[in-house]
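# Architecture at a glance
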Amino acid sequence: MLLFADTAFLLLLALVLDALVGDPRWLWNTVPHPVVLFGKVIEIADQDFNDPAASPRARKIYGAVFLASLVACSLLIGALLEAILRAVPFGEIGIAVIAAIFIAQKSLYEHVAAVRDGLLEGGLAGGRRAVAMIVGRDPQQLDEAGVSRAAIESCAENAADGVTAPTFWFLLLGLPGLIAYKAVNTADSMIGHRTERHEAFGWASARFDDLVNWPAARLCGLAMALTAPLNDGSIKQSLSVMRRDAPKHRSPNAGWPEAAMASVLGLALAGPRAYPGYTVDDPYMNEGGRREATAGDISRALKVFRQAMVLQGVAVAAVAVAVALSA
């Protein structure tokens, strides 16, 4: 129990460090970010083991074996790092620093804010350039409302898998859980696509990513719904919209924070979207909401994001104190 409380306090320190410092560009311009290293490993595996001449079943097996190896190695690396750091004086601070590296509060805020600033300073062209950095849809087919909605949806979805999920897995399993989660999430982002090349090889990565993000998506949606009174809304209404609309989303997880965000802001999010080469005709989250989102709505979404992350930090602190007192 004391170890769990210690992990919770270290997580709280990591959240504060990330909120204040984020990802310093000078550092990652000097040494590669750990996620970049994951990407290199996944790229090599994709080139060496994803044989287009193999049957879809064989490629699924190759992909599953690779994923299992990636998770096992990540867990081992995390366990060794944590054991070493806990054995040296003040090494636990190093655990918090490593955890902060894998949490994306500040960087997510900055990327979404850049879309708002792009719209305000550079018009539609500026907004399109900025939003292309954070979403996969075709920016040239987006008007100002589409750019704004895309930024808000990215804020909501990435709050879950960029902040809440790594927070959850660190709290549960320490550095091994956090590093393994980021490895899985990176694999999904690189090979977990329904394309001819990756549908079979990346199947295991996509499904496992859905599984490990399942609790965080719902917790993040809950945190966003709880901010409703701070934004002239109703918690009951936001929870109702989230429960009703989240299952309509094509992703088993993204709909929860997106539906909560949509309700708190009074917007209709998701819906039909254009990607390079294809379109999707998805239902709206909070369908009765306003569809003409603006740069001002991006600022409101960032406010909800900040509030939800503060609530998350308070919850972590409460867990740490409660466990410490009961030990």
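Parameters at a glance
- Residues numbered from 1 in each chain as written.
- Predicted model: local features only at pLDDT ≥ 70, side-chain atom pairs only at ≥ 80, totals over all residues.
- Heavy atoms only, no water.
- Phe/Tyr/Trp six-rings, centres within 6.5 Å; stacked < 30°, edge-to-face > 60°.
- Helix = DSSP H or I, 4+ residues; strand = E, 2+ residues; numbered from the N terminus.
- Buried < 20%, exposed > 50% of the residue type's maximum accessible area, 1.4 Å probe, protein only.
- Lys NZ or Arg CZ within 6 Å of the ring centre and 35° of its normal.
- Core = buried A, V, L, I, M, F, W, Y, C linked by side-chain atoms within 4.5 Å.
- Contact = heavy atoms within 4.5 Å.
- Pairing = 2+ DSSP bridges.

### Brief notes about the packing of aromatic side chains
Scanning the entire structure with this criterion turns up three aromatic pairs. Ring centres of phenylalanine 66 and phenylalanine 201 lie 6.3 Å apart, and the angle between their planes is 15°; this geometry places the pair in the stacked category. Here phenylalanine 66, found in helix α4 (residues 56-86), pairs with phenylalanine 201, found in the loop between α7 (144-191) and α8 (203-226); they are 135 residues apart in sequence, far enough to count as distant. Each of the two residues, phenylalanine 66 as well as phenylalanine 201, counts as buried. The ring of tryptophan 203 has lysine 60 sitting right over it, with the charged end atom 4.6 Å from the ring centre.

### Considering the environment of alanine 68
Positionally, alanine 68 belongs in helix α4. We classify alanine 68 as partly exposed; its relative accessible area is 46%.

### Brief notes about the nonpolar core
Membership of the largest hydrophobic core comes to 76 residues, with the highest contact counts inside it found for Ile152, Phe170, Met224, Met261 and Ile298. If we skip the residues at most four places from it in the chain, phenylalanine 170 touches Thr7, Leu10, Leu11, Ile95, Ala99, Leu175 and Leu178. Val71, Ala165, Val184 and Val212 belong to the second largest nonpolar core, which has 10 residues in total.

### Some details on the pairing of strand β1 (residues 269-275)
By the criterion of burial, β1 is predominantly enclosed, with six of the seven residues buried. Judged from the six bridges that link them, β1 and strand β2 (residues 278-285) form a sheet pairing that is antiparallel. Note on β2: the bridge partner recorded for alanine 274 is threonine 279.

### Here we look at the environment of leucine 80
With respect to the helices and strands, the residue leucine 80 is situated in helix α4. The class of leucine 80 is partly exposed, set by a relative accessible area of 49%. In sequence terms leucine 80 and leucine 37 are 43 residues apart; their C-alpha atoms lie 18 Å from each other.

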